Amino acid sequence: INEMGAGLGRVARFPGMPTSDIKAFNDKWIFNQLLLKRGLPGTPSRLLRTIDDAQDPEILSLGFPMTVKPLTGEGGMGVVRIDGAAALSAHVTQELLPLIAQRFLPGHDAGLSFLAVEGKILGQTLQRYHLDDLAIEFFRNDAIEELGREFARLTKYTGLANLDLRIDDDYRLLGIIECNPRFWGSIVASRVHGINFVKAGVDLALGAEP
């Protein structure tokens, strides 16, 4: 959409990156390698390209349980917890490949959501997802918020993003799981909490202060 807008002349464009960059952030393996190259706390991961990779000692070294998922997708589709080597071999089929295997991090699901322009975050929220009662809890953590600013700066990020995180009982970061470089499921909850990411992006597109 960003590239289409560039060919339409003077039109208001929601802040975003080229399609190639969005695809890279959306690919769980490419994103994981990007984190590691920039010294950011990505989750230990391995890429499964062939059926034989299910028995590769390097992949088994992640330990069990592990999480195996498609390289792209959203909403938890295709995400499977694997509890042993036999289960891994049984799960990996030619139809599912390629897959990413990630070390299972005990703790809680959380998200860091933000709107950034040219590497500068204009607004962000931190939320923990309570899966037992489907509640969303917003919280503050200086270290994670600073990590978000560092991530945006190092990647020169422009647009909306939601980083999937794992945190411990004390709300400290265990690792970054993946990136959703687009609108995300809890964006309405963020609006109720006080940050309207959609309106802020529209304000920017129209040349107004968000």
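This text goes with the structure placed above it.
Residues numbered from 1 in each chain as written. Predicted model: local features only at pLDDT ≥ 70, side-chain atom pairs only at ≥ 80, totals over all residues. Heavy atoms only, no water.

Some points on the overall build of the protein
Moving on, step 1. Counting its secondary structure elements, the protein contains eight helices and nine strands.
Moving on, step 2. Taken over C-alpha atoms, the radius of gyration comes to 18 Å for the protein, in line with the 17 Å a tight globule of 210 residues would show.
Moving on, step 3. Seen through its C-alpha atoms, the protein measures out along the principal axes to roughly 55 × 40 × 30 Å.
Moving on, step 4. Looking at the 210 residues of the protein, the share that counts as buried comes to 43%.
Moving on, step 5. Within the protein, contacts between residues separated by at least 24 positions form 60% of all contacts whose residues are at least 6 apart in sequence.
Moving on, step 6. About 11,200 Å² of surface is accessible on the protein, with carbon and sulfur atoms providing 55% of the total.
Moving on, step 7. For the protein, the distance from the average position of its 22 positive side-chain charges to the average position of its 26 negative side-chain charges is 6 Å. (Helix = DSSP H or I, 4+ residues; strand = E, 2+ residues; numbered from the N terminus. Rg over C-alpha atoms; globule rule 2.2 N^0.38 Å. Buried < 20%, exposed > 50% of the residue type's maximum accessible area, 1.4 Å probe, protein only. Contact = heavy atoms within 4.5 Å. Areas by Shrake-Rupley, 256 points an atom, 1.4 Å probe, with all protein chains shown as cover. Lys, Arg positive; Asp, Glu negative; His and termini not counted. Charge placed at Lys NZ, Arg CZ, Asp CG, Glu CD.)

Let's talk about the layout of surface pockets
Moving on, step 1. In this structure, the largest pocket spans a volume of roughly 820 Å³.
Moving on, step 2. Together, 34 residues line the largest pocket, and K69, G76, D109, D164 and E178 are the ones closest to its centre.
Moving on, step 3. Of all the secondary structure elements, the ones that give two or more residues to the lining of the largest pocket are β2 (66–70), β3 (80–82), β4 (99–103), β5 (108–117), β8 (159–167) and β9 (173–180).
Moving on, step 4. The biggest single contributor to the lining of the largest pocket is β8, with four residues. (1 Å grid on protein atoms, 1.4 Å probe; cavity = no way out; pocket = protein on both sides within 12 Å on 5 of 7 lines; lining within 4 Å. Points joined across faces, edges and corners; volume = space filled by probe spheres on them.)

Re the packing of aromatic side chains
Moving on, step 1. Enumeration according to the criterion identifies ten aromatic pairs in this entry.
Moving on, step 2. Here the aromatic rings of F114 and F151 are separated by 6.2 Å at their centres, their planes lie at 65°, and the arrangement is edge-to-face. Taken as a pair, F114 in strand β5 and F151 in helix α6 (residues 142–155) lie far apart in primary sequence, 37 residues in all. Just as F114 is buried, F151 falls in that class too.
Moving on, step 3. Each member of the aromatic cluster is reached from another via a ring pair, and the members are F25, F31, F114, F151 and Y157.
Moving on, step 4. Against the face of F104 rests R81, its NZ or CZ located 4.9 Å from the ring centre. (Phe/Tyr/Trp six-rings, centres within 6.5 Å; stacked < 30°, edge-to-face > 60°. Lys NZ or Arg CZ within 6 Å of the ring centre and 35° of its normal.)

Topic: the environment of R49
Moving on, step 1. Among the secondary structure elements, R49 is positioned in the loop between β1 (45–48) and α4 (57–60).
Moving on, step 2. Note: C-alpha distance between R49 and V117 (68 residues apart in sequence) is 35 Å.

Here we look at the pattern of salt bridges
Moving on, step 1. Evaluation of the coordinates by the stated rule reveals twelve salt bridges.
Moving on, step 2. A salt bridge links R46 to E58, with the nearest nitrogen and oxygen atoms 3.4 Å apart. With R46 in strand β1 and E58 in helix α4, the pair connects residues that are twelve residues apart, well separated along the chain.
Moving on, step 3. Owing to a relative accessible area of 24%, R46 belongs among the partly exposed residues under this scheme.
Moving on, step 4. Judged by its relative accessible area of 48%, E58 is partly exposed.
Moving on, step 5. Note that R149 and E146 form a salt bridge whose closest N and O atoms lie 3.1 Å from each other. One end of the pair, R149, and the other, E146, are both in helix α6, three residues apart, so they sit about a helical turn from each other.
Moving on, step 6. Of the residues examined, R149 reaches a relative accessible area of 37% and is grouped as partly exposed. (Salt bridge = Lys/Arg side-chain N within 4 Å of Asp/Glu carboxyl O.)

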